[in-house]
Amino acid sequence: METEEHRTRRYTGGWAWQRRAACRGKDAALFFHPAGERGERSQEREAAAKRVCTRCPVRGQCLEYALAADERYGIWGGLTEDERRALRAGARRRGRPAAARPPGRD
């Protein structure tokens, strides 16, 4: 079984970007869904989290980390776990590693 420590070792970028993240100091529950959350409530929470990500100056680094570390839960770099999974699947089909899309504000 792969541990969190093992997954994060794949990330080779620095960590200084976290100090500039727009989500810093926000309630983590905004970015990680509670058990059983579905429907409109889930969509509203995700939309609110993505609004934070949209104005984040380090969105690209955050997404890069999430892809490299294979973060399986939460919104990272403005993408949900399903969106990141689809991004990785598309990259596998193209025979390339998943890369963070330029968010426009890095």
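Please read all numbers here as calculations on a predicted model, not as lab measurements. (Residues numbered from 1 in each chain as written. Predicted model: local features only at pLDDT ≥ 70, side-chain atom pairs only at ≥ 80, totals over all residues. Heavy atoms only, no water.)

## A short note on the environment of isoleucine 75
What counts, and what does not: The way it works is that DSSP assigns letters per residue, a run of H or I at least four long becomes a helix, a run of E at least two long becomes a strand, and they are numbered from the N terminus. For every residue, the accessible area (1.4 Å probe, protein chains only) is compared with the maximum for its type, and the residue is labelled buried under 20%, exposed over 50%, or partly exposed between those bounds.
Within the element layout of this structure, isoleucine 75 appears in the loop between helix H3 (59-69) and helix H4 (81-93). Owing to a relative accessible area of 6%, isoleucine 75 belongs among the buried residues under this scheme. Remark: the alpha-carbon pair of isoleucine 75 and histidine 33, spanning 42 residues in sequence, is separated by 9.1 Å.

## Focus: the pattern of salt bridges
Formally: One side-chain nitrogen of Lys or Arg within 4 Å of one carboxyl oxygen of Asp or Glu is enough to make a salt bridge.
Scanning all chains against the criterion turns up 5 salt bridges. We note a salt bridge from arginine 72 to aspartate 70, for which the minimum N-O separation is 2.9 Å. Judged by its relative accessible area of 41%, arginine 72 is partly exposed. The class for aspartate 70 is buried, based on a relative accessible area of 14%. A salt bridge links aspartate 82 to arginine 85, with the nearest nitrogen and oxygen atoms 2.4 Å apart. Highlighted residues: aspartate 82 and arginine 85, both in helix H4, separated by 3 residues, approximately one helical turn. Aspartate 82 gets classed as exposed once you look at its relative accessible area, which sits at 51%. Here arginine 85 falls in the partly exposed class, since its relative accessible area comes to 44%.

## Description of the packing of aromatic side chains
Applied cut-off: Only centres within 6.5 Å qualify two rings of Phe, Tyr or Trp (six-membered ring in Trp) as a pair; their planes then separate them into stacked at under 30 degrees, edge-to-face at over 60, and tilted for everything else.
Within the structure shown, the criterion is met by 4 aromatic pairs. Ring centres 6.3 Å apart and planes at 40° place the aromatic pair tryptophan 17 and tyrosine 65 in the tilted group. Here tryptophan 17, found in the loop between helix H1 (4-8) and helix H2 (39-54), pairs with tyrosine 65, found in helix H3; they are 48 residues apart in sequence, far enough to count as distant. Each member of the pair, tryptophan 17 as well as tyrosine 65, carries the same accessibility label: buried. You can call tyrosine 65 buried: its relative accessible area is 4%. One aromatic cluster is present, formed by Trp15, Trp17, Phe32, Tyr65 and Trp76 through successive ring pairs.

## Digging into the environment of glycine 78
Put simply, the rule is: What makes two residues a contact is simply this: any of their non-hydrogen atoms within 4.5 Å.
Mapped onto the secondary structure, glycine 78 falls in the loop between H3 and H4. Sequence spacing of glycine 78 and arginine 51 is 27 residues, and the spatial spacing of their C-alpha atoms is 8.2 Å. Look past the residues within four positions of glycine 78 in its chain and what remains in contact with it is Lys50, Cys53, Arg59 and Glu83.

## Here's the deal with unusual backbone geometry
Residues apart from glycine generally show negative phi values, whereas peptide bonds are mostly found in trans. With phi around 55°, aspartate 70 is a residue other than glycine that occupies positive phi space. Within the element layout of this structure, aspartate 70 appears in the loop between H3 and H4.

## Some thoughts on the confidence of the model for the protein
Here is the rule: Values of pLDDT, which run from 0 to 100, indicate the predictor's confidence residue by residue.
Within the protein, residue pLDDT values average 84, and 78% of them lie at 70 or more. Mean pLDDT across the elements of the protein ranges from a minimum in H1, with 48, to a maximum in H2, with 96. Across residues 102-106 the pLDDT falls below 50, and counting only partners more than four positions away or on other chains, this stretch makes 12 contacts in the model.

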